[in-house]
Amino acid sequence: MAGRVLFDRDRCKGCELCVDVCPRHIIGMDSATNSRGYHPAHVERMEECTGCASCARMCPDSVITVERD
């Protein structure tokens, strides 16, 4: 099963909890800042995402949406 993760970049505060919880280690932090001055998270290798939604469950601000194929 493949998945796709979408981040609301402008609401992400860069806490990195999603980075720590991802079992595939495919989430990283963007080098650019969002409109609030934080470095938002993003998926570096989307083709490796399984859609497990661990990142979305961990996010304290609910900025992550997971879609499964």
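Every value quoted in this text rests on a predicted model; they were computed, and no experiment measured them. (Residues numbered from 1 in each chain as written. Predicted model: local features only at pLDDT ≥ 70, side-chain atom pairs only at ≥ 80, totals over all residues. Heavy atoms only, no water.)

### Brief notes about the pairing of strand β1 (residues 3-7)
Then step 1. In β1, alternate side chains face the same way, and those of Gly3, Val5 and Phe7 are buried while those of Arg4 and Leu6 on the opposite face are not.
Then step 2. Across 5 bridges, the pairing between β1 and strand β4 (residues 64-68) is antiparallel. For glycine 3, the partnering residue across the bridge sits in β4 and is arginine 68. (Buried < 20%, exposed > 50% of the residue type's maximum accessible area, 1.4 Å probe, protein only. Helix = DSSP H or I, 4+ residues; strand = E, 2+ residues; numbered from the N terminus. Pairing = 2+ DSSP bridges.)

### Points about the environment of aspartate 69
Then step 1. Among the secondary structure elements, aspartate 69 is positioned in the segment after β4.
Then step 2. Counting along the chain gives 67 residues from aspartate 69 to alanine 2, while the straight-line C-alpha distance between them is 5.5 Å.

### Re the state of the cysteines
Then step 1. Evaluation of the coordinates by the stated rule reveals 0 disulfides.
Then step 2. Cysteine cysteine 12 shares no disulfide, and the gap to the nearest cysteine sulfur, in cysteine 18, comes to 6.2 Å.
Then step 3. Between cysteine 52, a free cysteine, and cysteine 22, which holds the nearest cysteine sulfur, the sulfur-to-sulfur gap is 6.2 Å. (Disulfide = S-S within 2.5 Å.)

### Concerning the side chain of serine 54
Then step 1. Looking at where serine 54 falls in the secondary structure, it is placed in helix α2 (residues 54-58).
Then step 2. Excluding anything up to four places from it in sequence, serine 54 contacts Val21 and Pro23. (Contact = heavy atoms within 4.5 Å.)

### Regarding the nonpolar core
Then step 1. Grouped together as the largest cluster of nonpolar side chains are 15 residues, with contacts concentrated most on Val5, Phe7, Cys18, Ile27 and Ile64.
Then step 2. Contributing elements (two or more residues each) for this core: β1, α1 (17-21) and β3 (41-43).
Then step 3. Ignoring any residue separated from it by four or fewer positions in sequence, one finds isoleucine 27 in contact with Phe7, Cys18, Val19, Cys22, Ala41, His42, Val43 and Cys55. (Core = buried A, V, L, I, M, F, W, Y, C linked by side-chain atoms within 4.5 Å.)

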